[in-house]
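Observations on chain architecture
Here's the letter readout for the chains.
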Amino acid sequence: MDKFEIVVIGGGHAGVEAAAAAARMGAHTCLITHSVERIGEMSCNPAIGGIGKSHLAKEVDALGGLMARAADKAGIHYRVLNSTKGQAVRATRVQTDRDLYRQAIQKLINEQRNLTVIESSVEDIIIEQEEVRSILTDKGEAIVADRLVLTTGTFLGGVMHTGLEQKPGGRVGDPSSIKLAERLRRLPLPVGRLKTGTPPRLHKDTIDWSKLSPQPGDLPTPLLSYVSSNQDRPKQVECFMTRTNKETHKIIRGSLDKSPMYSGIIEGAGPRYCPSIEDKVVRFSERDSHQIFAEPEGLNSDLIYPNGISTSLPKEAQEDLVRSIKGFEEAQIMRPGYAIEYDYFNPTGLKHSLETKCTKGLYFAGQINGTTGYEEAAAQGLIAGINATLSLYKKEPLILGRHEAYIGVLIDDLVSLGTKEPYRMFTSRAEYRLIMREDNADMRLTEKGVELGLVQEDLWEAYTNKKEAALRELTRLEKEKILPNTEAARRLEDETGEKLSTPKTLKELLKRPKVLYDHLPGKRKGIKRNAVDEIEASVKYAGYIERQKNDIQRLQKNENTKIPNSVDYENVVGLSNEVKQKLSEARPQSLARASRLPGVTPAAISLLMVHLKKERKRKAS
């Protein structure tokens, strides 16, 4: 019988981060997957990043994770979204080569010390006295696990739908986990069904590219990881854009009776912010068209991913709707789109460490918690792997605050609020996004990663170099001045329209909205773009950042006001029955977490605060 300290089930984005993190921290770790060849597989669009999502990917990277490194090894098209807006909402998106990404992840996993990979399917979890003991595989093998991390993706009870046809499956070519789903449903956890989907794949040679609008990548080409270099990247390509039209929408409306969503076959909720084309046409009936991005699946692949027309209509209807689109008139569908319905467990049944409340040593990460997206899964996997290992070593869990990381926002939202539809991250979910920018994830988290034993030498070197360079350059900006009527002043006015009437330091000038670092004289050669972003943000948003820091201090007072688990909310005078019920069910650990529960008003928090003070005085006397 094999025995491991940490066992991770699932080789997707959550699973590889959990396993790699535990192994980096020194735990004897096992990753179990039904197919070794498909570790790191991108089940849907081969892209990493986007609004809110790149923040998560960079935070995973800042803690030594794999996702951003692999994305840069496979990235074939980069764009910085919201590039004309403030840095808090800018986001890098990377279209990757599907095969290169999987190869990059597998190389990192195979090189990881303390990590064993086993190809098998898990059918049972042995739990004794509310604590994980071992797992059983489909081959009848028992594997002892001190801690178990479940990252099952869409495989738990997965059912694939194309039109009115359905069959079991976790994704195309892979079986669903039926027996494991049945075992997990017996746990005292709130279980539900969710849905996600994917568009048909088109053959690139059957598309009339002359009718599509080109969408070139950004120059200079950015990087996602803090440790990647330009020498590592593959060839860059263009993506293209087209749109649906009135005829497309007419075809879709005429086929809704054959849609598994609209005929009642699918019960699970789909992703609100990445809806199927059927959902778009019905929910936004006033619109005549929707964008479609034609994105390559790889440099050597014939497949095109038409981002924007996820569908589960019958194949014949998919062919009609695709061929009604400009540029796709002769397009050949190589694989129809489909929807997949699967089990998830409402994350209110988890602690902030991602350990289940009902079973010691059992951790959930990824789509099993009701999230959608590679980045959300990777972030949860990383934290679950870290906390399973810290628990093993009898150390306090890593709980990132909402003011420290988007990872903290993600997990706090899930655990405190739960979800009834696939959750995805947006910058708008974060209260302190000026402080938690894409450019400074390393400044916020890498030192924590070092303390935990997560950070590799190349990341630490990049972090220290960036920090030192930014400090040196900020010092120079504070000292150097531009005088009126000088060549430097005239050049600045020509480039920005900013006229100097009195001497100004470079830092004072950089505070002006129209002035960027690149407009200033004496720029240091070799200073990296992410250090420049850090400098610009820290100067331009200094006042706002200070205000947010004051808000955070007030928040932490409430975070530090702990609520004993023994509190009887029925005894809190003045609370409504609804609030009492919500607090009793959620059992928040602090006033700050209680305040984020839906329906718990500031007045209710005040009443609870008074009750806690009275209880402390009563016990003290």
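As the structure is a prediction and not an experimental result, all values here were calculated from the model.

A closer look at the overall build of the protein
When helices and strands are tallied, the protein shows 19 helices and 22 strands. Taken against the 2.2 N^0.38 rule, which gives 25 Å for 621 residues, the C-alpha radius of gyration of the protein at 26 Å falls within 12% of a compact globule. With the C-alpha coordinates of the protein rotated into their principal frame, the extents come out at 80 × 80 × 50 Å. Per-residue burial over the protein gives 57% buried out of 621 residues. Once local pairs closer than 6 in sequence are excluded, the contacts in the protein between residues at least 24 apart make up 73%. Carbon and sulfur atoms make up 48% of the accessible area of the protein, which amounts to about 27,000 Å² in all. Separation between the mean location of the 93 positive side-chain charges and that of the 84 negative ones in the protein comes to 6 Å.

Quick word on the packing of helix H2 (residues 53-62) against helix H10 (residues 406-417)
Two elements in contact, H2 and H10, have axes separated by 8 Å at closest approach and are oriented at 110°. Regarding the angle of H2 to H10, the classification is roughly perpendicular. Two secondary-structure elements touch here, H2 through His-55, Leu-56, Glu-59 and Val-60 and H10 through Tyr-406, Ile-407 and Leu-410. Split into classes, the residues belonging to the contact of H2 with H10 amount to five nonpolar, one polar and one charged.

Points about the domain arrangement of the protein
What the domain assignment lists for the protein is domain 1 (2-195 + 342-445), domain 2 (201-338), domain 3 (457-545) and domain 4 (561-620). On a C-alpha basis, the centroid separation for the pair domain 3 and domain 4 is 48 Å.

Structural notes on the sheet that holds strand E11 (residues 165-168)
With antiparallel pairing, four strands are arranged side by side in an open sheet as E11-E10-E19-E12. Edge positions in the sheet fall to E11 and strand E12 (191-198), since each of these pairs with one other strand and no more. Averaged over all pairs of adjacent strands, the angle between strand axes in this sheet comes to 25°, irrespective of strand direction. When strand E10 (residues 159-162) meets strand E19 (residues 338-345), the two strands line up antiparallel, connected through three bridges. Opposite Met-160, over in E19, you have Ile-340 as the bridge partner.

Remarks on the pairing of strand E16 (residues 291-296)
With five of its six residues buried, E16 lies for the most part within the structure. Both strand E15 (residues 239-243) and E16 contribute to a ladder of four bridges, which runs antiparallel. Counterpart to Met-241 in the pairing with E16 is Phe-293. Bridging between E16 and strand E17 (residues 303-307) involves four bridges; their strand directions are antiparallel. By the bridge assignment, Glu-295 is partnered in E17 with Tyr-305.

Description of a negative patch on the surface
Side chains of Glu-165, Glu-247, Glu-316 and Asp-320 sit close together on the surface and give a patch of like negative charge. Relative to the helices and strands, Glu-165 resides in strand E11. Accessibility expressed as a relative area gives 63% for Glu-165, which makes it exposed.

Description of the pairing of strand E9 (residues 142-150)
Taken across its nine residues, E9 has seven buried, putting it largely inside the fold. Of the strand pairs in this sheet, strand E1 (residues 2-9) and E9 are connected by seven bridges, and their pairing is parallel. Residue pairing in the sheet places Ile-6 in a bridge with Arg-147 of E9. Note that strand E8 (residues 131-137) and E9 share three bridges and pair antiparallel. Bridging across to E9, Ile-135 finds its partner in Ile-143. In sequence, E8 turns back onto E9 through a hairpin of four residues, with Gly-140 there showing a positive phi of about 80°. Taken together, the three bridges between E9 and strand E20 (residues 362-364) define a ladder with parallel strand orientation. Bridged to Val-149 within E20 is Tyr-363.

Re the packing of H2 against helix H9 (residues 374-392)
Viewed as axis vectors pointing N to C, H2 and H9 meet at an angle of 30°, and their least axial separation amounts to 9 Å. Considered as vectors, H2 and H9 are oriented roughly parallel to each other. The handedness of the crossing between H2 and H9 is left-handed. Facing H2, whose interface residues are Lys-53, Leu-56, Ala-57 and Val-60, H9 presents Glu-375, Glu-376, Ala-378, Ala-379 and Leu-382. Each residue belonging to the contact of H2 with H9 can be placed in one class, and the counts come to six nonpolar, no polar and three charged.

About the criteria used
Residues numbered from 1 in each chain as written. Predicted model: local features only at pLDDT ≥ 70, side-chain atom pairs only at ≥ 80, totals over all residues. Heavy atoms only, no water. Helix = DSSP H or I, 4+ residues; strand = E, 2+ residues; numbered from the N terminus. Rg over C-alpha atoms; globule rule 2.2 N^0.38 Å. Buried < 20%, exposed > 50% of the residue type's maximum accessible area, 1.4 Å probe, protein only. Contact = heavy atoms within 4.5 Å. Areas by Shrake-Rupley, 256 points an atom, 1.4 Å probe, with all protein chains shown as cover. Lys, Arg positive; Asp, Glu negative; His and termini not counted. Charge placed at Lys NZ, Arg CZ, Asp CG, Glu CD. Axes fitted to C-alpha atoms, helices over the stretch in contact; angles between N-to-C directions. Parallel < 35°, antiparallel > 145°, perpendicular 65-115°, else oblique. Nonpolar A, V, L, I, M, F, W, Y, C, P; charged D, E, K, R; others polar. Domains from an automatic or database assignment. Pairing = 2+ DSSP bridges. Patch = residues over 30% accessible without salt bridge, like charges linked within 9 Å, V, L, I, M, F, W, Y side chains within 5 Å. Salt bridge = Lys/Arg side-chain N within 4 Å of Asp/Glu carboxyl O. Left-handed = near helix turned anticlockwise from the far one by under 90°.

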